[in-house]
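# Coordinate analysis (summary)
Take a look at the letters that make up each chain.
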Amino acid sequence: MSRVLFLGKKSFCSVGLSLLLFCVTAADAAGLPNFSELFKQASPAVVNISTLSKPQGRQQIYGPGGEELPEIFRRYFGIPLPENDGGRVRPMSLGSGFIISKDGYILTNNHVVDGADKIIVRLYDRSELPAKVIGADKRSDLALLKIESDRPLPVVKLADTQNVEPGQWVAAIGSPFNFEYSITKGIVSALNRSLPSDSYVPFIQTDVPINPGNSGGPLLNMEGEVIGINSQIFTRSGGFMGLSFAIPVEHVSWAVEQLKEKGYVTRGWLGVAIQDVDRDLAESFGLKKPMGALISALVPGGPADKAKLLPGDIITRFNQKVIDSSGVLPMSVGVETPGEKATVEYIRDGKRVTVDVVVGQLPDEGSVADRGGPGSIDDKNPLGVKVALLDDNYRGKLRLDQDVEGLVVIGVHRGAGRSIGLRQGDVITDLNNRRMTSVADFNKVVAKLPKGRSIAMRVIRGGNTGYITFRLPE
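Residues numbered from 1 in each chain as written. Predicted model: local features only at pLDDT ≥ 70, side-chain atom pairs only at ≥ 80, totals over all residues. Heavy atoms only, no water.

Positionally, Val 201 belongs in strand β11 (residues 198-206). For Val 201, a relative accessible area of 0% puts it in the buried group. Here the alpha-carbon distance between Val 201 and Pro 330, two residues 129 residues apart in the chain, equals 8.4 Å. Look past the residues within four positions of Val 201 in its chain and what remains in contact with it is Arg 139, Ser 140, Arg 193, Ile 247, Pro 248, His 251 and Met 331. (Helix = DSSP H or I, 4+ residues; strand = E, 2+ residues; numbered from the N terminus. Buried < 20%, exposed > 50% of the residue type's maximum accessible area, 1.4 Å probe, protein only. Contact = heavy atoms within 4.5 Å.)

This next bit is on the side chain of Asn 214. Here Asn 214 lies in the loop between β11 and β12 (218-220). For Asn 214, a relative accessible area of 2% puts it in the buried group. With sequence-adjacent residues up to four places away left out, Asn 214 is seen in contact with Ser 96, Ile 173, Gly 174, Ser 175, Pro 176, Pro 209 and Asn 230.

A few words now on the pairing of strand β28 (residues 464-470). Pairing geometry for strand β27 (residues 455-461) and β28, over seven bridges, is antiparallel. The residue bridging Ala 456 from the neighbouring strand is Thr 469, located in β28. In textbook terms, the turn of a hairpin is the stretch between consecutive antiparallel strands, and for β27 and β28 this stretch comprises two residues, one of which, Gly 462, has a positive phi near 60°. (Pairing = 2+ DSSP bridges.)

By secondary structure assignment, the location of Glu 148 is in the loop between β8 (142-147) and β9 (169-174). Judged by relative accessible area, Glu 148 falls into the exposed class, the value being 56%. Through-space distance from the C-alpha of Glu 148 to that of Leu 129 is 7.5 Å; in sequence the pair is 19 residues apart.

Moving on: the confidence of the model for the protein chain. Per-residue pLDDT for the protein chain has a mean of 80; in total, 78% of the residues score no lower than 70. For the protein chain, per-element mean pLDDT is lowest for helix α3 (residues 71-76), which scores 39, and highest for strand β5 (residues 105-108), which scores 96. In this model, residues 57-85 is a region of pLDDT below 50 whose contacts with residues beyond four sequence positions or in other chains number 53 contacts. Taken together, the stretch residues 365-380 has pLDDT below 50 and engages in 52 contacts with residues farther than four places along the chain or on a different chain. (pLDDT = per-residue confidence, 0-100.)

Two side chains bearing opposite charge may form a pair once their charged atoms approach each other closely. Taken as a whole, this structure holds 15 salt bridges when the rule is applied. Residue Arg 352 is joined to Glu 345 by a salt bridge in which the shortest nitrogen-to-oxygen separation is 3.1 Å. One network of salt bridges, in which partners are shared, links Arg 122, Arg 126, Glu 128 and Glu 180. (Salt bridge = Lys/Arg side-chain N within 4 Å of Asp/Glu carboxyl O.)

A separate point is helix α11 (residues 439-447). All of the buried residues along α11 are Val 439, Phe 442, Val 445 and Val 446. Each buried residue of α11 lies within a common arc of 125° when the element is viewed along its axis, so the set occupies one face. Exposed and oriented more than 90 degrees from the buried face of α11 are Lys 444 and Ala 447. Looking at the buried positions of α11, the neighbouring elements they touch are β23 (385-389), β24 (407-412), β25 (427-431) and β26 (434-435). (Arc of directions from axis to C-beta.)

Here is the structure:
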């Protein structure tokens with residue numbers, strides 16, 4: 001009897017443990033999102049995009065499946081495309097897109113269709129239609145296409161990106177490596193990412209697996225709404241490495257209206273060159289913490305110049321947008337209408353100042369000219385550099401504009417000058433927040449430089465202007 005009870009107790013424990021494991025597994029499964037309904041809802045509006053191009057000397061380079069590759073890999077890797085008998089390359093799958101209106105407007109990346117002679121769009125039912133480019137914007141990598149169909153087309157709904165938060169589930173649908181209608185999932189990793197090559201786009205960063213062929217496809221929330229266009233990946237191999245970037249739909253919506261109306265996008269412009277404020281720069285400018293966008297150069301006659309902003313000013317707010325890092329400023333200015341007034345808050349000499357600026361229009365191509373007398377050569381100074389006043393002779397040799405002022409470095413000796421990386425031909429325009437207009441002023445400022453704290457120096461080298469920081473030993 002006891003044996004039977006023992007076995008019964010053992011069986012009861014085994015059953016109880018199994019039930020417990022089943023309950024835990026079921027609970028875990030219930031807590032994970034199911035993407036099947038999202039895919040059914042959104043995938044009919046996702047398209048595959050192919051192009052035809054005439055061979056021009058050097059053929060464009062593609063990956064093994066004919067998909068587009070990141071720029072660096074298009075330059076150095078890939079397989080050249082064969083030509084057919086008609087002297088044209090065969091159509092290749094370059095990327096993805098999605099339909100935003102029943103009459104056939106499609107959004108994709110500009111790099112997917114750039115340079116194409118003919119664009120072919122494949123729909124969910126595998127029918128193919130020719131498309132034309134209505135408008136394109138290289139700066140944000142957007143292109144608006146149009147196809148003509150004899151029936152209303154399925155569309156996706158554009159979401160409100162104000163509700164996007166890091167940590168939320170998202171999914172992508174596209175044609176990675178030419179595998180059409182693939183869905184991948186992940187979470188939003190960060191918002192408002194600024195990339196060096198695309199300073200006018202506040203990217204959404206995700207860990208959704210994105211690969212060549214996903215470009216131009218939608219990034220979707222759990223309601224099946226588009227929150228962004230998958231555009232770029234960070235990679236060392238050409239494939240996914242956990243860092244994907246999408247153009248937020250809020251930026252897309254703003255650009256689409258202009259692309260429809262005039263075929264291109266105009267952006268607001270301040271006419272400044274900026275850099276981030278790191279800890280050392282913050283200390284040298286008397287800030288409690290790194291913040292804002294430091295003006296390193298101004299375009300003469302530009303909006304910021306007309307508003308009396310100066311190199312060394314730190315912009316902390318543009319209209320109602322807090323500029324907590326330099327990357328936020330171009331995005332905030334870019335969406336403003338040229339000719340409109342904007343309020344700029346900046347820090348100068350430790351004081352907060354507010355000024356109204358009439359926003360200009362971002363030029364197609366522009367160079368930042370820097371504002372800056374006959375000169376004499378001074379001997380070595382405590383910094384360990386020999387300097388001369390920047391005159392017309394030096395300006396000519398260094399190819400600088402006539403209005404640039406400062407001191408040219410003509411010798412670097414042992415000491416702080418060499419350790420901070422100064423070179424012959426560098427032009428020092430500001431030192432320790434003081435404008436350099438003569439060798440005598442330079443020597444006076446150098447003699448009083450503080451020890452043991454960060455000091456800022458504004459330098460022009462090779463036509464580029466920026467601030468560097470250094471410390472003198474105590």
